[in-house]
Amino acid sequence: MAFRIEKMGLVASAADFNPGWIGSHLQAPNVVVLEDRIRIYFTTRTRDGVFFHSRPGFFDLALGDPTKIIGFSEKPCLDDGELGNFDMFGIYPASVLKIDSFFIMAYGGWTRPQDVGFDVSIGLARSSSGDHFVRDFPGPVLGKTMEEPFIQSSPKLRFYEGLFRIFYISGKSWVESPQRQEPSYRIRASCSEDLVSWTRHGKDLIPALTPNESQASPDVFFFQGKYHMLFCFRGANDYLGGRGSYRIGYASSYDLVAWVRDDEKVNFPVGPDSWDSEMVAYPSVFQVGLSWFVAYVGNGVGETGIGIARLEVQRDVV
Amino acid sequence: MTWSKLGKLLGPELLPFGYSHLTGPVGITMPDRVRIFFTSRRVQAPNFRISEPFFVDLSIDDLSVISEPVKVRVPNPQLGSYRIHGIFPFSVAKSRDGSLVALPTGWRRQRGVDVETAIGQMHSLDFGESWFETGPGPRFSALKNEPHLVCDASYVQFGSEQILAYTFGVDWKKSLEGNPERRYLISVAKNKYFDLIANGSGTAVVPQVMEDEVQAHPHLLQRNGRLEMVFCYRRRFDFRENAKSSYKLGFATSEDAINWIRNDDLISIPRSVGDEEMQAYPSQFELNGKVIVLYNGDKFGGSGIFAAVKEC
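A quick note: this is a predicted structure, and the numbers were derived from the prediction, not measured. (Residues numbered from 1 in each chain as written. Chains lettered and ligands numbered in written order. Predicted model: local features only at pLDDT ≥ 70, side-chain atom pairs only at ≥ 80, totals over all residues.)

### Notes on the overall build of chain A
- Check the secondary structure of chain A and you find one helix and 20 strands.
- Its C-alpha atoms give chain A a radius of gyration of 18 Å, within 12% of the compact-globule value 20 Å for 318 residues.
- By residue count, 49% of the 318 residues in chain A fall in the buried class.
- Within chain A, residue pairs in contact and separated by at least 24 positions form 48% of the contacts whose partners lie at least 6 positions apart. (Helix = DSSP H or I, 4+ residues; strand = E, 2+ residues; numbered from the N terminus. Rg over C-alpha atoms; globule rule 2.2 N^0.38 Å. Buried ≥ 20, exposed ≤ 12 C-beta atoms within 10 Å, placed from the backbone. Contact = placed C-beta atoms within 7 Å.)

Here it is as structure tokens:
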């Protein structure tokens, strides 16, 4: 099975929204399809001294036209963590799952250690409305372990085969380049019956194409008897628009454990519009009726905004 | 129960050039000696000290010093590590097979607050001269209801169970001067298998005797069929310069590791030169049927390591 990407264009950029809390980017879309609307959670960042500070919010699209904005959050939907907590320096990204009448958010909470620019752990929060979330715990549910020493981030919260699943990334190393320190991270998975106790799978799921490849945004969907994953990946250097820039990859699995990577099966192009001419990244897959879509960010990892593409099945050519 | 004070066992004059403090002492009895593990600080840059583990050997007969301090060999931390800025305390214990296990508290300096900590796990097959770890990350760290500052581990086997005592951060509050100061309390986690012990409950097990009490450095000993814990406690603010608010020793006992009865009168050690202002970071071990407590005196270990013997 292969897919074809049909781009519908840029849907929202930071300039489209005007409350004071919206910053320079719209990043990391995560989509929840509701009865009367498509809700896209995102994070936006402002500059706080020398650092960026990200906060999550959402905008809503019309069910019948996923390019038409019909609402947005007037304020962040989750506040920063308390002084000294893992999420005191902001939230990025935030993935939301709706189960029955509850919205559950898995999010990356940011700290600012002195040895490197940041560290991230994954926390959970809940909401009955989907508009404003309250934390399950003041601490993370996926933090550091002996095998996963730093940066647990980019969570995608899903529910498959009777278990909650967080697909996420885990830091492998910090790579020092002449200009800056850059982390390398890979996709991993964990599962839970109750959202409290989490079992980590403990292995990198997706083979890397280069030694310092970083992978993010591992979004998994079930379609025609198989699990499919869209994710993004980049090199360690020169990735903000350069040769190592973000692209979208693809893998598939029958059991959520063994994954086969084959980026050609999706072949997600950059351009031809200018907003995503340099990179495509942070995919989030959603279904409306019988149609499948991908929300994603373009150039500058969300500097230009969030766009939508249609994901169409291409029959295998025998 | 009374304690007979042995006084200062080890002072900073023993340390190699450039090092200060002998902090968080733990005694391990060996057939022919007592090995005292501690951490010591060296200046890495202006206003930036890094804490590293050492040991020194004492005579099994009279606890006199019989070796130079030895800097132990631990793997270098990688960039981003929970212990990139040092180890304190090193927290060594005997494991079930008699080899040594360390549950070091790793320090990593932060922005917003001073520091974050987490507890690692290392093993030694040469009585503590060199150590290896099975992974680069920490064994216990901020989780669920323990949002930060998981530190100060003590491990002991108790019946068929493995017991871990440690402290976790409750919150940070700013002083009148605007400096964030931390508060932590003691918790215990246990399991039949050490590998299955998990922290994160946020349950403080030792009763508090003052408002805004900070508890630290619990150390466990199994004795007479129960657990005995020594620890230290202080006020949240004004503890660095004001002896009244600074560290004192505490004592608690438990039959089940869950319910603890606190009675600090059971560790009343008279103060004298070197521990007039504070008594902190205690641990205990048995030698020839007697319990010996090690602790730090003034200046958070700057004045050295002190000892007392329990007479009972």
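Read on, since the account is not over.
### A few points about the interface of chain A and chain B
- Residue-level contacts link 31 residues of chain A with 35 residues of chain B.
- Top element by residues in the side of chain A that touches chain B is strand E11 (residues 163-176) of chain A. It accounts for three residues.
- Classifying every residue of the side of chain A that touches chain B gives 14 nonpolar, 10 polar and seven charged. (Nonpolar A, V, L, I, M, F, W, Y, C, P; charged D, E, K, R; others polar.)

### Structural notes on the pairing of strand E16 (residues 248-254) of chain B
All names here are of chain B.
- Across the seven residues of E16, six count as buried, placing the element largely inside the fold.
- Strand direction decides the pairing type here: strand E15 (residues 226-235) and E16, joined by seven bridges, are antiparallel. Across the sheet, the residue bridging to Phe231 is Gly250, located in E16.
- Sheet analysis places E16 next to strand E17 (residues 261-262), joined by two bridges and oriented antiparallel. (Pairing = 2+ DSSP bridges.)

### Here we look at the sheet that holds strand E7 (residues 100-102) of chain B
Residues and elements named next belong to chain B.
- One open sheet holds the three strands; their spatial order is E6-E7-E10, and the pairing between them is antiparallel. Here the strands that pair on one side only, and so sit at the sheet edges, are strand E6 (92-94) and strand E10 (122-124). Taken pair by pair, the neighbouring strands of this sheet meet at an average axis angle of 30°, ignoring direction. (Axes fitted to C-alpha atoms, helices over the stretch in contact; angles between N-to-C directions.)

### Concerning the sheet that holds strand E8 (residues 119-127) of chain A
- Strand order in the open sheet formed by four strands is E6-E7-E8-E9 (chain A), with antiparallel pairing between adjacent strands. The open sheet is flanked by strand E6 (91-99) and strand E9 (134-135) of chain A, the only strands paired with a single partner.

### What to know about unusual backbone geometry
- With an omega of -10°, the peptide bond between Tyr92 of chain A and Pro93 of chain A qualifies as cis.
- Mapped onto the elements of the fold, Pro93 of chain A is located in strand E6.
- Looking along the chain, the bond that leaves Gly271 of chain A and enters Pro272 of chain A is cis, with omega of 5°.
- Here Pro272 of chain A shows up in the loop between strand E17 (260-261) and strand E18 (281-288).
- At His217 of chain B, a residue that is not glycine, the phi angle is positive and equals roughly 50°.
- Mapped onto the fold, His217 of chain B is located in strand E14 (residues 213-223).

### Notes on the pairing of strand E11 (residues 148-158) of chain B
All names here are of chain B.
- With nine of its 11 residues buried, E11 lies for the most part within the structure.
- In this structure, E11 lies alongside strand E12 (residues 161-174), joined through seven bridges in antiparallel fashion. Bridge pairing in E12 places Ser154 opposite Ala165.
- Between E11 and E12, which pair antiparallel and follow one another directly, the connecting turn spans two residues, one of which, Gly159, has a positive phi of 60°.

### Describing the environment of Asn288 of chain B
- Looking at the element boundaries, Asn288 of chain B is found in the loop between strand E18 (280-287) and strand E19 (290-296).
- Classification of Asn288 of chain B as exposed rests on a count of 8 C-beta atoms within 10 Å.

### A word on the environment of Arg135 of chain A
Residues and elements named next belong to chain A.
- Tracing the backbone through its elements, the reader meets Arg135 in strand E9.
- A C-alpha to C-alpha distance of 3.9 Å links Arg135 and Ala125, two positions 10 residues apart in sequence.
- Apart from residues lying up to four places away in sequence, Arg135 is in contact with Gly123 and Ala125.

Everything listed here is a matter of coordinates, which is why it stays silent on function.
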